[in-house]
Amino acid sequence: MIEGIGIDVVDIERFRESLIRTPGLKTKLFTDREAVLPVASLAARFAAKEALAKALNARYVFAWQDCEVINEESGRPAFIFTGTVAERIDGATVHLTLSHDAGIASAMVIVERTS
Ligand SMILES: CC(C)(COP(=O)(O)OP(=O)(O)OC[C@H]1O[C@@H](n2cnc3c(N)ncnc32)[C@H](O)[C@@H]1OP(=O)(O)O)[C@@H](O)C(=O)NCCC(=O)NCCS
């Protein structure tokens, strides 16, 4: 059963400016593994976390670092959940897709529960 879907888009240049303007923002939003990525990938991962919040109908209740986006060997992105986000996900399957082009990064999330 589909529990929720979420989508988000991010202006990459504006996101770059926010990261420069607000020291500590990168550390707040991203894990060490994520933080070294190029800004388009960071913007897409920010979109992924926002899209997840929408799919879960959750407004600012989770720590951003409790949700990490990694790439599988094929390049396909996937979430790793810890802490309160892992508790909320509680074994559901979460599908994620990312895209970045033409100055925009975007993400779509589907939360699917089998039991
Ligand atoms: C809910 C949230 C994601 C909305 O983000 P936003 O950038 O303000 O929203 P966007 O401009 O991308 O999209 C707006 C649309 O989101 C939808 N939306 C608003 N609240 C929502 C909710 N609780 N659940 C799902 N969708 C929601 C609405 O349809 C809205 O459009 P509308 O007002 O025209 O109907 C954001 O407010 C939020 O809570 N972010 C926190 C994310 C977080 O905690 N992440 C931690 C890691 S999981």
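Below is a summary of the structure that appears in this document. Values in this document were obtained by computation on a predicted structure and should not be read as measured data. (Residues numbered from 1 in each chain as written. Predicted model: local features only at pLDDT ≥ 70, side-chain atom pairs only at ≥ 80, totals over all residues.)

**Considering the pairing of strand E5 (residues 104-112)**
Of the two faces of E5, only one is covered, namely that formed by Ala105, Ala107, Val109 and Val111; the face formed by Ile104, Ser106, Met108, Ile110 and Glu112 stays uncovered. Here strand E1 (residues 2-11) runs beside E5; their pairing, made up of nine bridges, is antiparallel. Counted as the bridge partner of valine 9 is serine 106 from E5. As paired strands, strand E4 (residues 93-101) and E5 are joined by nine bridges and run antiparallel to one another. Within E5, the residue paired with leucine 96 across the bridge is valine 109. (Buried ≥ 20, exposed ≤ 12 C-beta atoms within 10 Å, placed from the backbone. Helix = DSSP H or I, 4+ residues; strand = E, 2+ residues; numbered from the N terminus. Pairing = 2+ DSSP bridges.)

**Considerations on the nonpolar core**
If you look at the biggest cluster of nonpolar residues, it comprises 28 residues, and the most contacted ones within it are Ala43, Ala47, Ala48, Leu52, Ala107 and Val109. Elements with a minimum of two residues in this core: helix H1 (12-21), helix H4 (39-55), strand E2 (67-71), E4 and E5. Considering every element that reaches this core, the biggest residue donor is H4, with ten residues. Sequence-distant contacts of alanine 48, that is, excluding residues within four places in its chain, are made with Val69, Leu96, Leu98, Ala107 and Val109. (Core = buried A, V, L, I, M, F, W, Y, C linked by C-beta atoms within 7 Å. Contact = placed C-beta atoms within 7 Å.)

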